[in-house]
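Chain by chain, the residues:
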Amino acid sequence: MTTALPAQRPAVSDREETARRLLASSARKSYDPMIEVDWEAPVPADKFGLTPEWSTLYGTKLWDEMTLEQKVELTKHEAASVSSVGLWFEILLMQMLLRDVYGRDKHSRHVQFALTEVADECRHSVMFARAGERFGMPSYGPHPVIHKLGRIWGNFFRGANAYASVMAAEEILDMMQRDFMKDERVQPITRTVSKIHVLEEARHIRFAREEVGRRLQDASRARLAVERVSTAAVVYFVMKSMIRKDVYANAGLDTERAIAEAKNNQHYKDTVRKSGAKLMHFLTESGLVGGPSKILYKKVNLL
Ligand SMILES: [Fe+2]
Ligand SMILES: [Fe+2]
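Throughout this document, residue positions are counted from 1 along each chain, in the order its sequence is written. Chains and ligands are labelled sequentially in the order written, the chains with letters from A and the ligands with numbers from 1. Owing to the predicted nature of the model, reporting of local features is limited to residues with pLDDT of at least 70; listing and counting of side-chain atom pairs is limited to 80 or more, with chain, interface and lining totals taken over all residues. Hydrogens are left out, water is left out, and the side-chain values use all remaining heavy atoms of the structure.

As annotated in an unreviewed UniProt entry, the chain carries the name Diiron oxygenase and comes from Rhodococcus spelaei.

Structure, rendered in structure tokens:
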């Protein structure tokens, strides 16, 4: 009598295993912001648009002179600027993901998770747009020149650099939104939007991190040097775009003074450096920080 051997299952690659777990997590916990966020709820007059310590003017002399109404107004404009940059980047990222899966096996879990991520980003983009609209804010987005560059650069956005840039942009938003979602001084809409984003982005960050590792395996020194600079350049533009300078005039402040004080705001620089430590640690571990890229990270206070 022979004993039947357990059926041999084909080996599952790391990439497939990760995608399998991420898909299961998406099935368990995904949100429809059109239903989850109470868009019709009144907008309280005394709640900040974002955590005040994240305002570019917090800690300056100007901030101390501002009334509560001015602080609330400024932080609403800053929140709208942050989420409009998030929306801009999500549109670039969706294009990149769709191009990346175009020629791959659609039955793979990897492709199926990438498509799920595109679906998440579609909902996020509508959510960010709706939040800005509800607060009666202008549609900020990056500076028109950066916006144009994004359109060109989007065509070349692929490989390790694309995933590293995506992860970096997601981590940058994440570090702020983790504070916004917990802060009772912040507008309820910002808090719910941040909570949904943080929860769903955790999967995207995981997906991108692992792709960066895989795609940089055995990378030559020359390739690593290119990936370093291109990732740092994306991080630089995302960080520089985060708060549009028009927020100060739109919030009724003296623009020249606000820009000058924000530029020298040590509190803001320290907050970015402290909150960005996790991202910089990962980029360093992946070999993506070094050489000229360091200059760009220093310019945006991440180093
Ligand atoms: Fe997103
Ligand atoms: Fe994402």
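Next comes the rest of the description.
**A short note on the overall build of the chain**
In this text, helices come from DSSP runs of H or I with a minimum length of four residues, and strands from runs of E with a minimum of two, each type numbered from the N-terminal end. When helices and strands are tallied, the chain shows 14 helices and 0 strands. The order of α-helices and β-strands along the chain, N terminus first, is α-α-α-α-α-α-α-α-α-α-α-α-α-α. Only the C-alpha atoms count toward the radius of gyration. The rule for a globule is 2.2 Å times the residue count to the power 0.38. In summary, the chain has a C-alpha radius of gyration of 21 Å against a globular reference of 19 Å for 303 residues, a match within 12%. Considering only C-alpha atoms, the chain reaches an extent of 90 × 45 × 30 Å along its principal axes. Here's how the labels work: a residue is buried when its accessible area is under 20% of the maximum for its type, exposed when over 50%, partly exposed in between, all with a 1.4 Å probe on protein chains only. Taken over 303 residues, the chain has a buried fraction of 50%. Looking at the chain alone, contacts between residues at least 24 apart form 83% of all its contacts between residues at least 6 apart. Approximately 15200 Å² of the chain is accessible, and the part contributed by carbon and sulfur atoms is 56%. By the counting rule applied here, Lys and Arg register as positive and Asp and Glu as negative, while His and the ends of each chain are not counted. Note that the charge is assigned to NZ on lysines, CZ on arginines, CG on aspartates and CD on glutamates. Of the side-chain charges in the chain, 45 are positive and 39 negative, and the distance between the mean point of each set is 6 Å. Residues are treated as being in contact if the distance between any of their heavy atoms lies within 4.5 Å. Note on areas: Shrake-Rupley with a 1.4 Å probe; residue coverage comes only from the protein chains shown.

**Comments concerning a positive patch on the surface**
On the surface, Lys-240, Lys-245, Lys-263 and Lys-299 cluster together into a positively charged patch. The topology assignment puts Lys-299 in helix α14 (residues 293–299). By definition, no residue in a patch forms a salt bridge, and every one has over 30% relative accessible area; like charges are joined within 9 Å, nonpolar side chains (Val, Leu, Ile, Met, Phe, Trp, Tyr) within 5 Å. We count a salt bridge whenever a side-chain nitrogen from Lys or Arg sits within 4 Å of a carboxyl oxygen from Asp or Glu.

**Some thoughts on the coordination of the iron ion (ligand 1)**
Protein coordination of the iron ion (ligand 1) is provided by Glu-90 (OE), Glu-121 (OE), His-124 (ND1), His-197 (NE2) and Glu-201 (OE), with donor distances spanning 2.0 to 2.3 Å. Here the coordinating atoms are restricted to nitrogen, oxygen and sulfur within 2.8 Å of the metal centre, or 3.2 Å for Na, K and Ca, and because water is not among them the sites may look incomplete. In terms of primary sequence, the donors binding the iron ion (ligand 1) are separated according to E-x30-E-x2-H-x72-H-x3-E. A separation of 3.7 Å is found between the iron ion (ligand 1) and the iron ion (ligand 2), which are bridged by Glu-121. With Glu-90 in helix α4 (residues 68–101) and Glu-121 in helix α5 (residues 109–134), the pair connects residues that are 31 residues apart, well separated along the chain. On the basis of relative accessible area, Glu-90 is assigned to the buried category, the value being 4%. On the basis of relative accessible area, Glu-121 is assigned to the buried category, the value being 0%.

**A few points about helix α12 (residues 266–275)**
Among all positions in α12, only Tyr-268, Thr-271 and Val-272 are buried. Mapping the buried residues of α12 onto a view down its axis gives an arc of 95 degrees, with all of them on the same face. The inward-facing, buried residues of α12 contact α7 (159–182) and α9 (221–241). One side-chain oxygen at the N-terminal end of α12 lies 3.1 Å from the backbone nitrogen of His-267; it belongs to Asn-265. This arc corresponds to the set of directions leading from the helix axis out to the C-beta atoms. Under this definition, polar contacts are N or O atom pairs within 3.5 Å; protein pairs additionally need one hydrogen-donor-capable and one acceptor-capable atom, and for neighbouring residues in sequence, both atoms have to be side-chain atoms.

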